[in-house]
Amino acid sequence: MPTVAQVTTAPMSLTFSNFWPSLKLPSRVEFWSYRVGAYLLLNVLDDPAWLALMFC
């Protein structure tokens with residue numbers, strides 16, 4: 001009787017590197033716009049120095 005569960009991996013078709021080429025251009029633009037927006041929100045707008053400059 002096995003005492004450890006066998007680890008299974010996701011099929012290769014579900015990995016990001018295989019999924020990315022199948023995306024159409026509008027989906028890629030949407031993906032990158034969300035990434036850029038999240039970066040700006042977290043790293044630019046959340047910075048106290050930028051907040052001070054915007055409201056002075």
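Definitions and limits used
Residues numbered from 1 in each chain as written. Predicted model: local features only at pLDDT ≥ 70, side-chain atom pairs only at ≥ 80, totals over all residues. Heavy atoms only, no water. Helix = DSSP H or I, 4+ residues; strand = E, 2+ residues; numbered from the N terminus. Buried < 20%, exposed > 50% of the residue type's maximum accessible area, 1.4 Å probe, protein only. Areas by Shrake-Rupley, 256 points an atom, 1.4 Å probe, with all protein chains shown as cover. Patch = residues over 30% accessible without salt bridge, like charges linked within 9 Å, V, L, I, M, F, W, Y side chains within 5 Å. Salt bridge = Lys/Arg side-chain N within 4 Å of Asp/Glu carboxyl O. Phe/Tyr/Trp six-rings, centres within 6.5 Å; stacked < 30°, edge-to-face > 60°. pLDDT = per-residue confidence, 0-100.

(A) Summary view of the overall build of the protein chain. A tally of regular secondary structure across the protein chain gives three helices and zero strands. A burial count over the protein chain gives 0% of its 56 residues as buried. For the protein chain, the accessible surface area stands at approximately 5500 Å², while carbon and sulfur atoms represent 70% of it.

(B) Summary view of a nonpolar patch on the surface. Together, Leu 41, Leu 42, Leu 45, Trp 50, Leu 51, Leu 53, Met 54 and Phe 55 make up an exposed nonpolar region whose accessible area comes to about 890 Å². Here the element with the most residues in the nonpolar patch is helix 3 (residues 48–55); it accounts for five residues. Checked against the element boundaries, Leu 51 lands in helix 3. Relative accessible area serves as the criterion here: at 33%, Leu 51 is assigned to the partly exposed category.

(C) Inspection of the packing of aromatic side chains at higher detail. Summed over all chains, the structure comprises one aromatic pair. Considering the side-chain rings of Phe 31 and Trp 32, the 5.3 Å spacing of their centres and the 80° angle between planes classify their relative orientation as edge-to-face. Its relative accessible area of 28% is what places Phe 31 among the partly exposed residues. Take Trp 32: its relative accessible area is 44%, and that puts it in the partly exposed class.

(D) Spatial organisation of the confidence of the model for the protein chain. Overall, the prediction assigns the protein chain a mean pLDDT of 74, with 64% of residues at 70 or greater. Looking at the elements of the protein chain, mean pLDDT is at its lowest for helix 1 (residues 16–19), recorded as 61, and at its highest for helix 2 (residues 25–45), recorded as 86.

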